Amino acid sequence: MHKNQIYQKSLKDLNTFSINVTAKKIIFVRTIKSLIDICKKCDLSNIPYIILGEGSNVLFLENYKGIVIINRIKGIKVKEKKNFWLLHVLSGEKWNDLVKYTLRMGFFGLENLALIPGCLGSAAIQNIGAYGLELKNVCQYVDIISLKNSKIIRIEKDLCKFSYRDSIFKYKYRKGYAVLAVGIKILKKWNPIIFKSFFKNISITKTNPYQIYNNICQIRKKKLPNINKLGNAGSFFKNPIISKKDAKKILSLYMNVPHYFQIDGSVKISAAWLIEKYDFNNIKIGGAAIYKKQKLILINRKKAKPKEILKLAKTIQESILKKFKIWLEPEIDFINSSGKIKLLKNIY
Ligand code: FAD
Ligand code: EPU
């Protein structure tokens, strides 16, 4: 057996939703060469494959008939420039390990993105964000590799088309490419991002990055379920972004819906608030439920089947549409027996 290969039947411990499905084979890769070799072999024998980091943003809908490649290609290189450090981070590094590493090194600026599960690769694809910071604010470039001809292409940040939980890697480079590395630029002059509503007891002049990191960890530990104890994939839906005109209508009916104005004039509405306001009355569908402390998170409370989670999601979407005239788009990726699929309104 190749040293990178681990044969394992179930994917249960490799997706944070803890869905008990299987794959034909599960292979952990630690080098770029083995990633390319495996993908080429799969292509030659017409076997589907999918690359995962920590499986914290996916829902497997059924057993996967191909090979699941778990990316553990790791390494961090640091270059010092006059006003900033440039970190070249390989895509199998865990995001929060990077945040902790930067704090140890005295490179400050990632602390608002503390404790987000997952690896660097998907952090870029997803443009992860929390507490006023998004990956796009610290990303300098993303290196991708063509799995057909092994060519490495550097996409500079301005061409990554980063937006809310979105990037070019979800479209143009979705098939036949893997994210290999992310360039993270950290300014030497630290600019703390402090949202008054989140950090009530913090003074902007007296705080330090460690305090912000610890505060965010505390907030997240209180609010979000522990993935080692309760299956979930973070926010199941995105916060909807609606036109100013539609936002005016909603706000005239529900004055206290949390909302955030976007640069282009559109308005982001809190989906968790909409779900809470609808009051699903402790709804449970089989093993699937809404997390009590954060209503945007769907949980696998007891051996949930993917269909039960989907049915709950659909119930939420349809109810919110009926009451608020807003369609909630899923944030997570869905994977069926042969690969990623888009779940359109009418094909659930
Ligand atoms: P995976 O789930 O393994 O993969 C996600 C997608 O990316 C899949 O389609 C996969 O095929 C693809 N992919 C993965 N790696 C590669 C690669 N190298 N090349 C090509 N394709 C690849 N997200 C936020 O933005 N903010 C939060 O605050 C946040 N909080 C969370 C809290 C909890 C408790 C949980 C469970 C999730 C949270 N998330 C959050 C969502 C999730 O952590 C992020 O989306 C994360 O970036 C996913 O990383 P992953 O490695 O687990 O991705
Ligand atoms: N709220 C409710 N009910 C709830 C939860 C929240 O009414 O059950 C209201 C509260 O008024 C709260 C506001 O919604 O102040 C915002 O809630 P929260 O701070 O939890 O943020 P969110 O919009 O629900 C987003 C991200 C999270 C990220 C947090 C913090 C999305 C889809 N989710 O959640 O990211 O951690 O902000 O910045 O944008 C993820 O992407 O998986 C994720 C967890």
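Basis of the calculations
- Residues numbered from 1 in each chain as written.
- Chains lettered and ligands numbered in written order.
- Predicted model: local features only at pLDDT ≥ 70, side-chain atom pairs only at ≥ 80, totals over all residues.
- Heavy atoms only, no water.
- Domains from an automatic or database assignment.
- Pairing = 2+ DSSP bridges.
- Helix = DSSP H or I, 4+ residues; strand = E, 2+ residues; numbered from the N terminus.
- Near = heavy atom within 4 Å.
- Polar contact = N/O pair within 3.5 Å; in protein donor to acceptor, adjacent residues only side chain to side chain.
- Areas by Shrake-Rupley, 256 points an atom, 1.4 Å probe, with all protein chains shown as cover.
- Core = buried A, V, L, I, M, F, W, Y, C linked by side-chain atoms within 4.5 Å.
- Buried < 20%, exposed > 50% of the residue type's maximum accessible area, 1.4 Å probe, protein only.
- Contact = heavy atoms within 4.5 Å.
- Phe/Tyr/Trp six-rings, centres within 6.5 Å; stacked < 30°, edge-to-face > 60°.
- Lys NZ or Arg CZ within 6 Å of the ring centre and 35° of its normal.
- UniProt positions renumbered as here; feature names shortened; annotations may be inferred.

Draft legend 1. Fine view of the domain arrangement of the protein. Segmentation of the protein into domains returns domain 1 (5-71), domain 2 (76-220) and domain 3 (237-329). Computed from C-alpha coordinates alone, the two centres of domain 2 and domain 3 are separated by 27 Å.

Draft legend 2. Just the sheet that holds strand β15 (residues 267-269), in detail. An order of β13-β15-β14 is seen for the 3 strands of this open sheet, with the pairing classed as antiparallel. A single partner strand is all that each edge strand has here, and the edge strands are β13 (241-242) and β14 (259-261). Note: β14 against β15, 3 bridges, orientation antiparallel. Its bridge partner being in β15, Phe 261 is matched across the sheet by Val 267.

Draft legend 3. Broad picture of the site of ligand 2. By nearness alone, 22 residues border ligand 2, and Tyr 164, Ser 235, Asn 239, Gln 294 and Glu 331 come closest of all. A distance of 3.0 Å is found between an oxygen atom of ligand 2 and a side-chain nitrogen or oxygen belonging to Lys 223. At 2.9 Å from an oxygen atom of ligand 2 is found a main-chain nitrogen or oxygen belonging to Ser 235. When ligand 2 is considered free in solution it has 820 Å² of accessible area, and contact with the protein chains removes 79% of it.

Draft legend 4. Expanded view of the site of ligand 1. Taken together, 33 residues form the shell around ligand 1, and within it Ile 51, Gly 53, Ser 56, Ser 122 and Asp 333 come nearest. Between ligand 1 and Glu 54, the relevant distance is 3.0 Å, taken from an oxygen atom to a main-chain nitrogen or oxygen of the residue. Pro 117 is positioned such that a nitrogen or oxygen atom in its backbone is 2.9 Å from an oxygen atom of ligand 1. Here ligand 1 has 990 Å² of accessible area as a free molecule, and 94% of this is covered by the chains.

Draft legend 5. Seen up close, the nonpolar core. Counting residues in each nonpolar core, the largest one holds 54 residues, and the members touching the most others are Leu 59, Phe 236 and Ile 316. No other element matches the 7 residues that helix α7 (residues 306-324) contributes to this core. Viewed by domain, this core spans two of them, domain 1 (5-71) and domain 3 (237-329), each represented by three or more residues. The residues touching Phe 236, leaving out its near neighbours within four places in the chain, are Phe 17, Leu 59, Leu 296, Leu 298, Ile 309, Ala 313, Pro 330, Glu 331, Ile 332 and Phe 334.

Draft legend 6. Inspection of the packing of aromatic side chains at higher detail. According to the stated counting rule, one finds 11 aromatic pairs in the structure shown. Measuring from centroid to centroid gives 6.5 Å for Phe 108 and Trp 190, while their planes differ by 70 degrees, and the two rings are edge-to-face. Note that Phe 108 is positioned in the loop between α2 (95-105) and α3 (120-126) and Trp 190 in the loop between β11 (177-187) and α4 (209-223), a separation of 82 residues in sequence. Considering the side-chain rings of Phe 236 and Phe 237, the 5.1 Å spacing of their centres and the 65 degrees angle between planes classify their relative orientation as edge-to-face. Assigned by exposure class, Phe 236 and Phe 237 land together as buried. By way of ring pairs, the aromatic residues Phe 17, Phe 236, Phe 237 and Phe 334 are connected into one cluster. Directly above the aromatic system of Tyr 141 lies the positively charged group of Arg 154, at a separation of 3.6 Å from the ring centroid.

Draft legend 7. Quick look at the UniProt feature "active site" (unreviewed entry) in the protein. Sites flagged by UniProt as "active site" (unreviewed entry) map to Arg 165, Ser 235 and Glu 331. The greatest C-alpha distance among the annotated residues, which extend across 167 residues, is 11.1 Å, indicating that they converge on a single site. Assignment of secondary structure puts Ser 235 in strand β12 (residues 231-235). What Ser 235 contacts, discounting residues up to four positions off in sequence, is Leu 296, Ile 297, Glu 331 and Ile 332. Ignoring sequence-local partners within four residues, the contact set of Glu 331 consists of Asn 57, Gln 126, Arg 165, Ser 235, Phe 236, Phe 237 and Lys 238. Of note is the side chain of Glu 331, whose polar atom sits 3.4 Å from the side chain of Gln 126.

Draft legend 8. Spotlight on unusual backbone geometry. Although it is not a glycine, Asp 279 sits at a positive phi angle of roughly 65 degrees. Relative to the helices and strands, Asp 279 resides in the loop between α6 (271-278) and β16 (284-285). At Lys 325, a position not held by glycine, the phi torsion is positive, near 60 degrees. Here Lys 325 lies in the loop between α7 and β19 (333-336).

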